[in-house]
Amino acid sequence: MVFLTMVLAGVHVRSFSDETTTIFVVDRSDSIIKSEKTVKEFIDKAIERKRPKDKIGIVSFGMQAVVEQSVSDKPVFNGFEAKVESGYSNIQEGLKLAYSLMPTGTRKQIVLITDGEQNIGDAVQQAKILKDGNIALDVFAIEDGDMEDVQISQVSVPEFIHLNESFDVLVKIDSNVSTHAKIQLYVDNYRIAEQRVEIQKGENKFVFKDKAVKGGNIVYKAVIDPEIDGVLKNNE
């Protein structure tokens, strides 16, 4: 996050010049996967306004990085097709692959598209390598606040429950969008109930019924699967 805080301050995507190679490095981890349409539109506009001699390449990454579009002065981008391990965000691998694709004899630019939530790798180290190689690095930031988000904020049960007593399990959900969703309730990792619900903007409360059939500590978990949601990491 130190790296991203540093480069995000006042950056912008540079205008294209003759014989400039630009490689877009796109984070496709779970935290921003629902923003792929916005990202594609951003890249499409860059392709449209590039000059004839400019070259463009596209790399995407999760745990590892893959080439979506080889470096070309006639790029054709039909959307993201490569498979990535979306549970990880390895910015270092994305920048490293882009660095290896850079041709000689042109100005060089990398545009990193991410929310900055790296959970593996060392982006700072790779950024230093790019700087030493005279490769410009800019960031197109995807902010959680700009995305539709449905999240589970609380799962609560009564503090004291007697054996064979029926009780309520309260699930609180916060949302900045109206949508439909499926909520599943688990007890010690076993699914015991499911509701299909309508989510409103703001705070939502849903009640499940359960019965204390055994003593001891019991762990309750709720998982929500919304029709619209841009941030998957907080869905349980």
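Engineer: An account of the overall build of the protein chain is requested, with residue identities and associated values reported.
Structural biologist: Scanning the protein chain from N- to C-terminus turns up four helices and eleven strands. Per-residue burial for the protein chain yields a buried fraction of 44% across its 236 residues. Counting contacts in the protein chain only where the partners sit at least 6 residues apart, residues at least 24 apart contribute 72% of the total. Working note: accessible area of the protein chain is about 12,900 Å², and carbon and sulfur atoms make up 48% of it.

Engineer: A description of the confidence of the model for the protein chain should follow, citing residues and the corresponding values.
Structural biologist: Summing up the model confidence of the protein chain, the mean pLDDT is 84 and the portion of residues at 70 or higher is 89%. The low-confidence segment residues 1-17, where pLDDT is below 50, has 36 contacts with residues more than four positions distant or belonging to other chains.

Engineer: Please set out the sheet that holds strand β6 (residues 150-156) residue by residue, giving values where relevant.
Structural biologist: Within the open sheet, the three strands sit side by side as β6-β7-β10. Their pairing is antiparallel. In this open sheet, the two strands that pair with only one neighbour each are β6 and β10 (202-211). Strand-to-strand, the axes of this sheet are offset by a mean angle of 25°, without reference to chain direction. In terms of strand pairing, β6 meets strand β7 (residues 166-175) through six bridges, oriented antiparallel. Counted as the bridge partner of isoleucine 152 is isoleucine 173 from β7.

Engineer: Explain helix α2 (residues 36-49) to me, using residue names and the numbers behind them.
Structural biologist: Helix length check: α2, at 14 residues, gives a terminal C-alpha distance of 20 Å against a target of 20 Å (1.5 Å per residue), a fit within 8%. Within α2 the residues assigned to the buried category are Val39, Phe42, Ile43, Ala46 and Ile47. Buried residues along α2 cover an arc of 135° about the axis, so they all sit on one side. Exposed side chains of α2 directed beyond 90 degrees from the buried face belong to Lys37, Lys45 and Glu48. Residues of α2 that are buried make contact with β1 (20-27), β2 (55-61), β4 (107-114) and β5 (136-141).

Engineer: I'd love a proper account of the environment of asparagine 235, names of residues and values included.
Structural biologist: You can see asparagine 235 is positioned in the segment after β11 (220-226). Counting along the chain gives 83 residues from asparagine 235 to isoleucine 152, while the straight-line C-alpha distance between them is 5.8 Å. Apart from residues lying up to four places away in sequence, asparagine 235 is in contact with Val150, Ile152, Ala222, Val223, Ile224, Pro226 and Asp229.

Engineer: Lay out the sheet that holds β11 with the relevant residues and their values.
Structural biologist: Reading across the sheet, the three strands line up as β9-β8-β11 and stay open at both edges, with antiparallel pairing between neighbours. Looking along the sheet, the strands with just one partner apiece sit at the ends: β9 (190-199) and β11. Each strand axis lies, on average, 20° off the axis of its neighbour in the sheet, ignoring direction.

What counts as what
- Residues numbered from 1 in each chain as written.
- Predicted model: local features only at pLDDT ≥ 70, side-chain atom pairs only at ≥ 80, totals over all residues.
- Heavy atoms only, no water.
- Helix = DSSP H or I, 4+ residues; strand = E, 2+ residues; numbered from the N terminus.
- Buried < 20%, exposed > 50% of the residue type's maximum accessible area, 1.4 Å probe, protein only.
- Contact = heavy atoms within 4.5 Å.
- Areas by Shrake-Rupley, 256 points an atom, 1.4 Å probe, with all protein chains shown as cover.
- pLDDT = per-residue confidence, 0-100.
- Pairing = 2+ DSSP bridges.
- Axes fitted to C-alpha atoms, helices over the stretch in contact; angles between N-to-C directions.
- Expected span 1.5 Å × (residues − 1).
- Arc of directions from axis to C-beta.

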